[in-house]
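Summary of structural features
Each chain, written out:
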Amino acid sequence: MRPEMTAASVDTGLKTSSERGALARARLLRGLLPALSLALVLIAIAWLNPRAISYFGFSLMLNLAIPIALATIAQMFVIAGNELDLSIGTFVGFVGCVTATWLKDAPLIGVAILLGSIGVYALLGALIHLRNLPSIVVTLGMSFVWQGLAILVLPKPGGKAPDWLLAIMAFKPPFVPFPIIAALLIGLIVHFGLMRTSYGVILRGSGGNPAALGRAGWSLLKTKIVLFSLAGLFGVLSGMALIGITTSADANIGNGYTLLAIAGVILGGGEFVGGRVSPIGAVLGALTLALAASPLLTFMHIPPDWQVAANGAILIIVLAARVLISRRER
Amino acid sequence: MPEGNADIIRLSGAEKHFGAVRALGGVDFHVGPGECVGLVGHNGAGKSTLMHMVAGTLTPDSGRIGVHGDIEDNYSVSRAQQLGIRCVFQELSLCPNLSVAENTRINHASLRGFGWRRKAAELIAAKLDEIFPGHSISASDIVGDLSIGRRQMVEVARAFTVTQDRLDLVILDEPTSSLDAHTAGQLLAFVRRFVAGGKSCILISHVLGEVLRNADRIVVMRDGKVVVADAASAFDRDRLVTAMGGAEARQKAAAQVAAAKPEASPLRVRARPAAQKDGNELVARAGEIIGLAGLAGHGQTDLLLAIFAAASRARAGIEVTAPVALVAGDRQSDGIFPQWSIAQNIGIRSLARLRNGLLISPQREAELAEFWQKKIGIRTPDMNNNIFSLSGGNQQKALFARALGSDAQIVLMDDPMRGVDIGTKLEVYDLVREEARNGRTFLWYTTETEELDNCDHIYVFKNGRIVANLRRDELTEEKIIQSSFGDAA
């Protein structure tokens, strides 16, 4: 008998302690994978260009990591409820355009628009639950709506970020670069909220076994609305952070974020169905993608024309490694 | 006040229709304090529907529900929870992505705020210790990593945990279907203690002996109605089976089975478990029904899966000489394609034969499905309905039809009768014997000792090894238990 056959668990029976140990190891390995892939990318960068591993180098390389991490967290909330948000990228772009225009010129209206857009996300969650619609279809449609609205708000690239936002994003703490601190904070806060609180359990349970949750008397409508609102909230934060860094906006600025966010969640140990997500993993996944996206490839002297394709190749390799490890778990 | 005052729950004239199908036709049902009510009936007799009403997950189309003597107009799950009524559903209702403690939290709204994790973990650990001493489940285990038996233990224990709401009645729907004899015994002993403490239980089980031994009162349902309700002492096995309207009481199949098959019939499977150290091996010949016995999870399923794999790729220690089909035990996760129709679910193992050019011929698929619908008695108006429109027993029949309708000469059965009603079981037993007479070979892992009566040869497993090899006429329950618990290696 092949060795993996003996290690594979038999669902119908008792598991010996060694089998359970193997399962726990596989789970640990999967939990560590986001950290490992990040370490791998960092080692590669250090090897190619040792000077990049410095306060200044990290500040530069991780420049765009914060908005990507926030967008990834937004996507993670949606995936936790067994849905998928294909509109998060254009939504981030829309928020960016509002931030660079209304939020600067008429802060009250700007805030109202942003809050309203979170409300739209909540309504989408309700609609998807009540009408039992596939979220992919609804959010694909919404992605064009957000894109259109972004173009209405800012027909050509421009605008300017509010000064307070610029100040926040330009913050330079001692010793540790700001993006790293921000990523840590985002990861820990969301981890606490989703993984440690008692309502976080309900939110994840709604992805794991919705029927069981309904039978226990919880409202699935409410969990879906909460998850989508959180996605909206983090999408807004992502858009604002992005404009804080780029200082001006463009209606297409966030388009790449949809796929980056999905890849970040999966890279971070999440799964498309079953409520298995990891906020810290998602943030690490986002950092990995942010580093692999351009600094690594530039150091490898890959011409910009080829970077997008190389980026895709890296994604495939890392995600394939993840799938192989999760398969061992079964 | 009328006598209803003392009842924990009383349903009168409960009716329920699903579309054109009448699931319940005016049922009166009650449970008093300190009694264990056994509920038996075929799959599709309305037991689950009735229990869903008691638990508040379904509301009756007409009829009244009274709890603790008061009429409940807006009865719901959360109301049932408040009134101390819980249900362990047949299909597991745990979240596989959460830990045991987190799953406990889902059933207790009051487990929140600072320190809820510790409280939840202590609550479920204490209850598991009480019901299943020596269970070796940790509150921090992720449910998805647990075996199906352990999941059932968690689910049962969770139903008995108490925080702020009272607890008067627990509905146990097939609670022992995935447990081995030892843990099932622990659970039933706990149920007796629970009932002795003045609380109540409803016990639904297809293992009639379990109901006869543990219930105080037995209610028999058939076709959406209660046909008999009487003290358990007034029943015996035969009366129960007759009341359920099932096929006539089981005749000892032994004589029939023993209709000595010549030793010379061709070899179909020769297999040695990976952990086997001595020379014992499993040998199956054409036309034989081979039983795999022993406690749950001692390597029986492993061996079946190894044989299944060996059929397509040669592997050491296993010889397979004919096509193989597997009837899965965990039909929800390993057997059924949930999005597909009944006919598609049956045809998937026979696609080569159903092909017409490059495409599957819908006509041949329908013919195959229709043939097996008649032969095995799948109760549905239309085989093109989704597979989930069937009751559990009928879903399992469809899986049998998938295997038996294929070209497989060897059929592996991984405890397929779990949670299936006695009528369906008897029909399938007959079919298996008939197919064996026609030359098919069956390897049958079962946790129910009675099913072994159908087998020619029984191999008892312990710790992944074959520890005993019994002929049908040597088989007794004692021998199996002896080998399963013995130290022999």
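Basis of the calculations
Residues numbered from 1 in each chain as written. Chains lettered and ligands numbered in written order. Predicted model: local features only at pLDDT ≥ 70, side-chain atom pairs only at ≥ 80, totals over all residues. Heavy atoms only, no water. UniProt positions renumbered as here; feature names shortened; annotations may be inferred. Contact = heavy atoms within 4.5 Å. Salt bridge = Lys/Arg side-chain N within 4 Å of Asp/Glu carboxyl O. Polar contact = N/O pair within 3.5 Å; in protein donor to acceptor, adjacent residues only side chain to side chain. Helix = DSSP H or I, 4+ residues; strand = E, 2+ residues; numbered from the N terminus. Nonpolar A, V, L, I, M, F, W, Y, C, P; charged D, E, K, R; others polar. Buried < 20%, exposed > 50% of the residue type's maximum accessible area, 1.4 Å probe, protein only. Arc of directions from axis to C-beta. Domains from an automatic or database assignment. Buried area = accessible area lost by both parts, 1.4 Å probe. pLDDT = per-residue confidence, 0-100.

- Labelled according to an unreviewed UniProt entry, chain B appears under the name Monosaccharide ABC transporter ATP-binding protein, CUT2 family, originating from Mesorhizobium qingshengii.
- According to the UniProt record, the Sequence similarities (unreviewed entry) comment for chain B is "Belongs to the ABC transporter superfamily."

- With an unreviewed UniProt entry as reference, chain A is termed Monosaccharide ABC transporter membrane protein, CUT2 family, source organism Mesorhizobium qingshengii.
- The Subcellular location (unreviewed entry) field of the UniProt record for chain A holds the comment "Cell membrane".

**Points about the interface of chain B and chain A**
- Every contact between the two is made by 47 residues of chain B and, on the other side, 32 residues of chain A.
- Between the two partners, chain B and chain A, sit 1 salt bridge.
- As a salt-bridge pair, E102(B) and R204(A) come within 2.9 Å of each other at their nearest N and O atoms.
- Linking chain B with chain A are 9 residue pairs in polar contact (both at pLDDT 80 or more), by the criterion used here.
- At the level of secondary structure, the elements contributing two or more residues to the side of chain B that touches chain A comprise helix 3 (100–106), helix 4 (116–131), helix 5 (148–159) and helix 10 (300–312) of chain B.
- In terms of residue count, helix 10 of chain B provides more of the side of chain B that touches chain A than any other element does, 4 residues in total.
- Class assignment for the residues of the side of chain B that touches chain A results in 19 nonpolar, 12 polar and 16 charged.

**As for helix 8 (residues 237–244) of chain B**
Residues and elements named next belong to chain B.
- Taken as a whole, helix 8 has its buried residues at L240, V241, A243 and M244. One side of helix 8 holds all its buried residues, which, seen down the axis, span an arc of 160°.
- Two to three positions downstream of the cap, the backbone nitrogen of R239 sits 2.9 Å from a side-chain oxygen, assigning the N-cap of helix 8 to D236.

**A short note on the domain arrangement of chain B**
All names here are of chain B.
- Split into domains, chain B comes out as domain 1 (9–244) and domain 2 (267–485).
- If you average the C-alpha positions of domain 1 and of domain 2, the two centres end up 30 Å apart.
- With 15 residues of domain 1 at the interface, the matching set in domain 2 holds 16 residues.
- At the boundary of domain 1 with domain 2, total buried surface from both sides reaches about 1300 Å², with 56% on carbon and sulfur atoms.
- Between domain 1 and domain 2 we count 0 salt bridges in total.
- Counting the contacts that link domain 1 with domain 2 gives 0 residue pairs in polar contact (both at pLDDT 80 or more).
- Residues that form the side of domain 1 that touches domain 2 fall into these classes: 4 nonpolar, 8 polar and 3 charged.

**Side note on the pattern of salt bridges**
Residues and elements named next belong to chain B.
- In total, this model carries 22 salt bridges over all chains according to the counting rule given.
- Taking the shortest distance from any N to any O, the salt bridge between E122 and R118 comes out at 3.6 Å. Note that E122 and R118 are positioned in helix 4 at a spacing of 4 residues, about one turn of the helix.
- For E122, a relative accessible area of 47% gives the class partly exposed.
- Note that R349 is salt-bridged to D407, the shortest N-O span being 3.3 Å. In this pair, R349 sits in the loop between helix 12 (342–347) and helix 13 (351–354) while D407 sits in the loop between helix 15 (392–404) and strand 18 (410–414), placing the two residues 58 residues apart along the sequence.

**Here we look at the confidence of the model for chain B**
All names here are of chain B.
- The predicted model of chain B averages 83 in pLDDT, with 91% of residues at 70 or higher.
- Here residues 1–5 is modelled with pLDDT under 50, and outside its nearest four sequence neighbours on either side it reaches 6 contacts, counting other chains as well.
- This model gives residues 246–260 a pLDDT under 50, and the stretch forms 23 contacts once residues within four places in sequence are excluded.

**Quick notes on unusual backbone geometry**
- Positive phi, normally seen in glycine, also occurs at N82(A), with a value near 65°.
- Counting through the fold element by element, N82(A) comes out in the loop between helix 4 (65–80) and helix 5 (88–100).
- Overall, N82(A) belongs to the partly exposed group, its relative accessible area being 27%.
- In the Ramachandran plot, E174(B) falls in the positive-phi region, its phi being about 50° despite a non-glycine side chain.
- Here E174(B) lies in the loop between strand 7 (169–173) and helix 6 (181–196).

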